[in-house]
Amino acid sequence: MKMLKILFLLLLLFLGWAVFFVWPQLGSAPTERDLRPYAEKPYFKDGRFIPPKDMSVHSEKMTGSSGMMAFLLSAFFPEKLNLPRETLHADSFGTPAPLAVYWLGHSSFILEIGGKRLLTDPVLGNAAPIPFMFGRRADAPLKRSDIPQTDIVLISHNHYDHLERSTVRALKNTDAVFIVPAGLGRTLRGWGVKPQNIRELDWGDSFQTDNLTVTAVPASHYTGRSGWDKNKTHWNGYVLQSKDKRAYFSGDTGYKETFFKQIGQEYGPFDVALIEIDAWNEGWPNLHLFPHQAVRVAQETRAKEIIPAHWGVFNLAAHPWNESVKTTARLAQEQNVKFSTPKLGEKFLPGETVSSRWWE
């Protein structure tokens, strides 16, 4: 009986921790009313957005020397990496440059363009609602308390490695405009972001402020933060256009030839493209770009320079941390595509800053 009481107490403690810590991380899913504007879209059916075909994960196709078990173990116990970095503080930033990129790790960037400063998919902690899951291999070069004045927070989709409640709440009382995919507004409102500061963009929709236009463009992915909100919100890539500069942020995406050729024809060429290169796997071929596809996307979108995203910090697939960047760099060189890899926290000026191969 004593043992049962102890187990029952432990269960209550776990449930209490789940309610007060994990539950808020999930975020509120959109209601039927929230999704009504998208009911007639060809990529929306039965209350959910339609993902790419063959989304199933085939464990027998997990690549890497040790397979699925090694991947799961490394997710809980990530290898710590001493990556070169430049620590950033609030006073590290002045007037936004005409075009500048700071890599904060994974898909988190500070991007300056058109006199505005943007944060893309800002995740400065781990990539899961539970603290010890999907921890960082390397700390972010910027603390939440040092996030500079931000005009726009750009969210590509709601996965934990792209949308972090703590960072959202650190910005909720600022004047930053949160640009998010269809259906994601309710999650941010639930975390305290003012409704007037949220813009839901469907594919083809634009938001304009002064000298900058942000347009949502197609991507091939899926969404979900719990077992019951799968594909209730959409996923976007983004095009950023100022008077004299253009940038493309792919978000998470698999390869779809029609998507990227259309983006390049309609909005390119781009001075820089932030393109995902990691977490590819034969078991989920339509959800992330393989290295050769990332180079192809750069060519089809007419990007003058690639800066890789979605790599280095979180272990989300069964391949070594720098395999993707090595392979993409080699293929880009063979195809005469400019490929640049800023260090964590480095101020990088596309077309000007010379990139190093620090990841070797």
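We now turn to the structure provided with this report. (Residues numbered from 1 in each chain as written. Predicted model: local features only at pLDDT ≥ 70, side-chain atom pairs only at ≥ 80, totals over all residues. Heavy atoms only, no water.)

**Side note on the pattern of salt bridges**
Part 1 of the argument: Applying the stated criterion to the full structure yields 12 salt bridges.
Part 2 of the argument: Each of Asp34, Arg186 and Arg189 takes part in a single network of salt bridges with overlapping partners. (Salt bridge = Lys/Arg side-chain N within 4 Å of Asp/Glu carboxyl O.)

**Details of the nonpolar core**
Most often, soluble globular proteins have nonpolar side chains that are buried together.
Part 1 of the argument: Ranked by size, the top nonpolar core spans 78 residues in total, and within it Leu154, Ile179, Leu240, Tyr248 and Ile275 carry the most contacts.
Part 2 of the argument: Those residues in contact with Ile275 that lie beyond four places of it in its chain are Tyr248, Ser250, Leu289, Ala294, Val297, Ala298, Ile306, Ile307, Pro308 and Ala309.
Part 3 of the argument: Ranked by size, the runner-up nonpolar core spans 23 residues in total, among them Ile110, Ile155, Trp191 and Val193. (Core = buried A, V, L, I, M, F, W, Y, C linked by side-chain atoms within 4.5 Å. Buried < 20%, exposed > 50% of the residue type's maximum accessible area, 1.4 Å probe, protein only. Contact = heavy atoms within 4.5 Å.)

**Some points on the pairing of strand S12 (residues 246-249)**
Two faces make up the sheet, and in a regular strand the side chains alternate between them.
Part 1 of the argument: Taken together, the 4 bridges between strand S11 (residues 237-241) and S12 define a ladder with antiparallel strand orientation. Residue Leu240 lies in a different strand from S12, and its bridge partner there is Ala247.
Part 2 of the argument: Hairpin connection of S11 to S12: 4 residues between the antiparallel strands.
Part 3 of the argument: With 3 bridges joining them, S12 and strand S13 (residues 272-276) adopt parallel strand pairing. Each bridged residue has a counterpart across the sheet, and for Tyr248 the counterpart in S13 is Ala273.
Part 4 of the argument: Where the polypeptide runs from S12 across helix H6 (residues 257-267) and back to S13, its parallel neighbour, the crossover connection is right-handed. (Pairing = 2+ DSSP bridges. Helix = DSSP H or I, 4+ residues; strand = E, 2+ residues; numbered from the N terminus. Right-handed = clockwise from strand over helix to strand, strands pointing away.)

**Some points on the environment of Lys245**
Part 1 of the argument: Tracing the chain through its elements places Lys245 in the loop between S11 and S12.
Part 2 of the argument: By relative accessible area, which is 25% here, Lys245 ends up partly exposed.
Part 3 of the argument: Residues Lys245 and Pro269, 24 residues apart in the sequence, show an inter-C-alpha distance of 9.6 Å.
Part 4 of the argument: Filtering out sequence-adjacent residues up to four positions away, Lys245 remains in contact with Pro98, Leu99, Ile113, Leu240 and Asp271.

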